[in-house]
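Fold and geometry: a report
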Amino acid sequence: MSKALILVDVQNDFAPGGALAVPEGDRIVPVINSLLPLFDHVIATKDWHPKGHASFASANNQPIGSMITLNGFEQVMWPDHCIQESHGADFIPGLNSEFIAQTIYKGTNPNIDSYSGFFDNQRLQQTGLEDYLRSCDIDTIYIVGLATDYCVKFTALDAISLNFNTYLIKDACRGVNMQPGDDEQAIAEMHAAGVKIIHSNEVNL
Ligand code: VGL
Ligand code: ZN
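Because the structure is a prediction, the values reported are computed rather than measured.

Rules used in this analysis
- Residues numbered from 1 in each chain as written.
- Chains lettered and ligands numbered in written order.
- Predicted model: local features only at pLDDT ≥ 70, side-chain atom pairs only at ≥ 80, totals over all residues.
- Heavy atoms only, no water.
- Helix = DSSP H or I, 4+ residues; strand = E, 2+ residues; numbered from the N terminus.
- Rg over C-alpha atoms; globule rule 2.2 N^0.38 Å.
- Buried < 20%, exposed > 50% of the residue type's maximum accessible area, 1.4 Å probe, protein only.
- Contact = heavy atoms within 4.5 Å.
- UniProt positions renumbered as here; feature names shortened; annotations may be inferred.
- Near = heavy atom within 4 Å.
- Polar contact = N/O pair within 3.5 Å; in protein donor to acceptor, adjacent residues only side chain to side chain.
- Areas by Shrake-Rupley, 256 points an atom, 1.4 Å probe, with all protein chains shown as cover.
- 1 Å grid on protein atoms, 1.4 Å probe; cavity = no way out; pocket = protein on both sides within 12 Å on 5 of 7 lines; lining within 4 Å.
- Sits in = over half its atoms within 2 Å of the grid points.
- Nonpolar A, V, L, I, M, F, W, Y, C, P; charged D, E, K, R; others polar.
- Pairing = 2+ DSSP bridges.
- Donors = N, O, S within 2.8 Å, 3.2 Å for Na, K, Ca; no water.
- Tetrahedral: all angles 85-135°; square planar, octahedral: opposite > 155°, others 65-115°.
- Core = buried A, V, L, I, M, F, W, Y, C linked by side-chain atoms within 4.5 Å.
- Salt bridge = Lys/Arg side-chain N within 4 Å of Asp/Glu carboxyl O.

**Considering the overall build of the protein**
Of the regular secondary structure elements, the protein holds five helices and eight strands. From first element to last, N terminus to C terminus, the protein shows the α and β order β-α-β-α-β-β-β-α-β-α-β-α-β. Relative to its length of 205 residues, the protein is compact, with a C-alpha radius of gyration of 16 Å against a globular reference of 17 Å. C-alpha atoms of the protein, sized along the principal axes, occupy 50 × 35 × 30 Å.

Okay, structure coming up:
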């Protein structure tokens, strides 16, 4: 059995200056770069939305940050972000992306959002991440990336539900923090679900 590092949505639109900027989102890049050589398997997810995606405020004539009910599920109204093939969807410059063996795309269904790297928010479809990990005999995953309170959190919770031994490297993540403290709340939820919360200097493979 082996271990993998999973980079969640380390993309320009989540860096300062991006469409859905995460405060200090770019600060995780040197931490991730220092971790990359420690792993035999590095997998990235990319948020990868078609234009006019159902999670976009602009597509629903709603204010950014408001909530709507979409197919019976609560949906935050986001600014247009991570449009397929756009600069905003590229990895943040400086990330040593040559270590990435596989990229998993999510949020591609125009009608359904996908915070988790494993499933869409309605759990109708898998992204391929689980199959890829199983095909490589990976049972332990270390998660880093953006944003702690959305895609990182839901990826980690799904990983636990799929019985992966799951670590969150706290200093290699940042939160959107629409409400102050959302990131700490998300970390508490992950911890309660069985995710092991560690610092990058505790990664000992
Ligand atoms: C994300 C909001 C919308 C994330 C993606 O990567 O955390 N958040 N789409
Ligand atoms: Zn998105």
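**Things to note about helix H4 (residues 148–161)**
Buried residues dominate H4, accounting for 10 of its 14 residues. By the burial criterion, the buried members of H4 are Thr 148, Asp 149, Tyr 150, Cys 151, Val 152, Lys 153, Thr 155, Ala 156, Asp 158 and Ala 159. Against the buried residues of H4 lie strand S1 (2–8), strand S4 (73–76), strand S5 (102–106), strand S6 (138–146), strand S7 (165–174) and helix H5 (182–193). Count one or two residues on from H4 and you reach Asn 163, which has phi positive near 70°.

**A few points about the UniProt feature "domain: Isochorismatase-like" (unreviewed entry) in the protein**
The sites that UniProt annotates as "domain: Isochorismatase-like" (unreviewed entry) are residues 4–201. For residues 4–201, the end-to-end C-alpha separation is 17 Å, with 23% helix and 24% strand making up the annotated structure.

**Points about the site of ligand 1**
With respect to spatial proximity, the complete set of residues near ligand 1 consists of Asp 9, Phe 14, Leu 20, Asp 47, Trp 78, His 81, Tyr 115, Leu 146, Ala 147, Tyr 150 and Cys 151. In this structure, Asp 47 approaches ligand 1 through a side-chain N or O atom, which is 3.0 Å from a nitrogen atom. His 81 places a side-chain nitrogen or oxygen 3.0 Å from a nitrogen atom of ligand 1. Expressed as a share of its isolated accessible area of 260 Å², the protein-covered part of ligand 1 is 100%. The cavity where ligand 1 resides is the largest cavity. Each residue belonging to the shell around ligand 1 can be placed in one class, and the counts come to eight nonpolar, one polar and two charged.

**Thoughts on the pairing of strand S3 (residues 67–70)**
Residues in a regular strand project their side chains so that they alternate between the two faces of the sheet. Because side chains alternate across S3, one face comprises the buried residues Ile 68 and Leu 70, and the other comprises Met 67 and Thr 69, none of which is buried. Examined bridge by bridge, S3 and S4 share four bridges and lie antiparallel to one another. Across the sheet, residue Ile 68 finds its bridge partner in S4, namely Gln 75. Here S3 hands over to S4 after two residues, with Asn 71 in that stretch at a positive phi of 50°.

**Quick look at the coordination of the zinc ion (ligand 2)**
The zinc ion (ligand 2) binds to the protein through Asp 47 (OD), His 49 (NE2) and His 81 (NE2); the donor distances cover 2.0 to 2.2 Å. Relative to the metal, the four donor atoms surrounding the zinc ion (ligand 2) lie at angles of 90 to 171°, and the coordination shape comes out irregular. For the zinc ion (ligand 2), the single-chain donor residues occur in sequence as D-x1-H-x31-H. Taken together, the residues span a long stretch of sequence, with Asp 47 in strand S2 (residues 41–47) and His 81 in the loop between S4 and S5 at a distance of 34 residues.

**What about the nonpolar core?**
By size, the foremost hydrophobic cluster in this structure holds 63 residues, and its most contacted members are Leu 5, Leu 7, Ile 32, Phe 118, Leu 133, Ile 141 and Ile 169. Of all the secondary structure elements, the ones that give two or more residues to this core are S1, helix H1 (28–35), S2, helix H3 (129–135), S6, H4, S7 and H5. The leading source of residues in this core is S6, at six residues. Once residues within four sequence positions are removed from consideration, Ile 141 is found in contact with Ala 4, Ile 6, Phe 118, Leu 133, Ala 159, Phe 164, Asn 165, Thr 166 and Tyr 167. Of all hydrophobic cores here, the second largest spans five residues; its members include Ala 57, Ile 68, Leu 70 and Met 77.

**Side note on the pattern of salt bridges**
Two side chains that carry opposite charge are able to pair once their charged atoms sit near each other. If you walk through the whole model with that rule in mind, you get eight salt bridges. A salt bridge links Arg 134 to Glu 130, with the nearest nitrogen and oxygen atoms 2.9 Å apart. Note that Arg 134 and Glu 130 are positioned in helix H3 at a spacing of four residues, about one turn of the helix. Residue Glu 184 pairs with Lys 170 through a salt bridge whose shortest N-O separation is 3.8 Å. Of the two residues, Glu 184 is situated in helix H5 and Lys 170 in strand S7; the sequence distance between them amounts to 14 residues. A cluster of three or more residues bridged by salt bridges with shared partners is formed by Asp 9, Asp 47 and Lys 106.

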